[in-house]
Amino acid sequence: MTATPGLGTPRLASPDLLRSVFRRHAAGVAVITARGDHGPVGFTATSLTSVSAEPPMLSFGIGTGASSWPAVSGAEHVGVHLLGEHQQDLAATFARSGADRFGVATAWREGPEGVPVLDGVLAWLVCRVAARVPAGDHRIVLAEVVLGDPTGPGRPLLYHQGQFNGLRD
């Protein structure tokens, strides 16, 4: 491979290349929750995507090695929470392996369909899981929106270059 004028030298596909490229992609931050056999589970996701307006449907990715995967793999419903810039600590808690994600520092309640609903978020949805599609070491979960609340206060939390950031004007 040769360098293109004005660009760096292309690299062959690898997990490191993909991670390096997506560190440069600013993404909204969400927390996905589900009811597990041993209590609530959840994880931070930046892979949330709107899929369809009719019916209202979204998708997110989850690694099959994630601690939340066993619960999500069998859940009929999941919670999807869009985080605000005031929730960097919450995002970090749900991203950290081994963290007590639903400890005293996390304000939440049992919502519709038994789904854990986080307090103070920009918006939340409860969704019915429609499919889990294999995608390498992940699954893409397709979920149909059942109900939600888009009226939380604040501005969105973003993830960029390995850090949580607020939106700049």
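Residues numbered from 1 in each chain as written. Predicted model: local features only at pLDDT ≥ 70, side-chain atom pairs only at ≥ 80, totals over all residues. Heavy atoms only, no water.

With that settled, consider the overall build of the chain. For the chain, the count of helices and strands is three helices and twelve strands. Scaling as 2.2 N^0.38, a compact globule of 169 residues should have a C-alpha radius of gyration of about 15 Å, and the chain matches this with 17 Å. Based on the C-alpha atoms only, the size of the chain along its principal axes is roughly 55 × 35 × 35 Å. Here the chain, with 169 residues, has 34% of them falling under the buried criterion. Of the contacts made within the chain by residues no fewer than 6 positions apart, 60% connect residues no fewer than 24 positions apart. Counting only carbon and sulfur atoms, one obtains 54% of the accessible surface of the chain, whose full area is about 9900 Å². Distance between charge centres in the chain, computed from 13 positive and 14 negative side chains, equals 10 Å. (Helix = DSSP H or I, 4+ residues; strand = E, 2+ residues; numbered from the N terminus. Rg over C-alpha atoms; globule rule 2.2 N^0.38 Å. Buried < 20%, exposed > 50% of the residue type's maximum accessible area, 1.4 Å probe, protein only. Contact = heavy atoms within 4.5 Å. Areas by Shrake-Rupley, 256 points an atom, 1.4 Å probe, with all protein chains shown as cover. Lys, Arg positive; Asp, Glu negative; His and termini not counted. Charge placed at Lys NZ, Arg CZ, Asp CG, Glu CD.)

Further remarks concern the sheet that holds strand β11 (residues 157–160). Paired through their backbone hydrogen bonds, the strands of a sheet run either parallel or antiparallel. The strand order across the open sheet formed by three strands is β1-β11-β12, and the pairing between neighbours is antiparallel. Each edge of the sheet is formed by a strand with only one pairing partner; in this case those strands are β1 (27–28) and β12 (163–166). Examined bridge by bridge, β11 and β12 share four bridges and lie antiparallel to one another. The residue bridging H160 from the neighbouring strand is Q163, located in β12. Contacts from helix α3 (residues 88–95) reach β11 and β12 within the one sheet, and its direction differs from that of β12 by about 155°. (Pairing = 2+ DSSP bridges. Axes fitted to C-alpha atoms, helices over the stretch in contact; angles between N-to-C directions.)

We now examine the sheet that holds strand β6 (residues 77–82). Taken in spatial order, the seven strands of this open sheet run β3-β2-β6-β9-β10-β5-β4, and their pairing is antiparallel. Lying at the two open borders of the sheet, with one neighbouring strand each, are β3 (39–45) and β4 (49–53). The mean angle between the axes of side-by-side strands here comes to 35°, regardless of whether they run parallel or antiparallel. In the packing of α3 onto the sheet, contacts are made with β2 (30–36) and β3, and the angle to β3 comes to roughly 110°.

The relation between two aromatic rings is expressed through the spacing of the ring centres and the mutual angle of the planes. Considering all chains together, one arrives at four aromatic pairs under this definition. A centroid spacing of 6.0 Å and a plane angle of 55° characterise the contact between F43 and F60, whose relative ring orientation is tilted. Remark: F60 occurs in strand β5 (residues 56–63) and F43 occurs in strand β3; sequence separation between them is 17 residues. Judged by its relative accessible area of 10%, F43 is buried. (Phe/Tyr/Trp six-rings, centres within 6.5 Å; stacked < 30°, edge-to-face > 60°.)

Mapped onto the fold, G42 is located in strand β3. Distance in space between the C-alpha atoms of G42 and L82 is 13 Å, their sequence separation being 40 residues. Those residues in contact with G42 that sit more than four places away from it in its chain are I32, T33, S68, F94, R101 and F102.

With that settled, consider a nonpolar patch on the surface. A cluster of nonpolar side chains, L18, V21 and F22, forms an exposed patch at the surface whose accessible area comes to about 310 Å². With respect to the helices and strands, the residue F22 is situated in helix α1 (residues 15–23). (Patch = residues over 30% accessible without salt bridge, like charges linked within 9 Å, V, L, I, M, F, W, Y side chains within 5 Å. Salt bridge = Lys/Arg side-chain N within 4 Å of Asp/Glu carboxyl O.)

To continue, consider the side chain of H77. In this fold, H77 is placed in strand β6. According to the relative accessible area criterion, H77 is buried, its value standing at 15%. If near-sequence neighbours (up to four positions away) are discounted, H77 is found in contact with A34, E113, V115, V126, C127, R128, V129 and V146.

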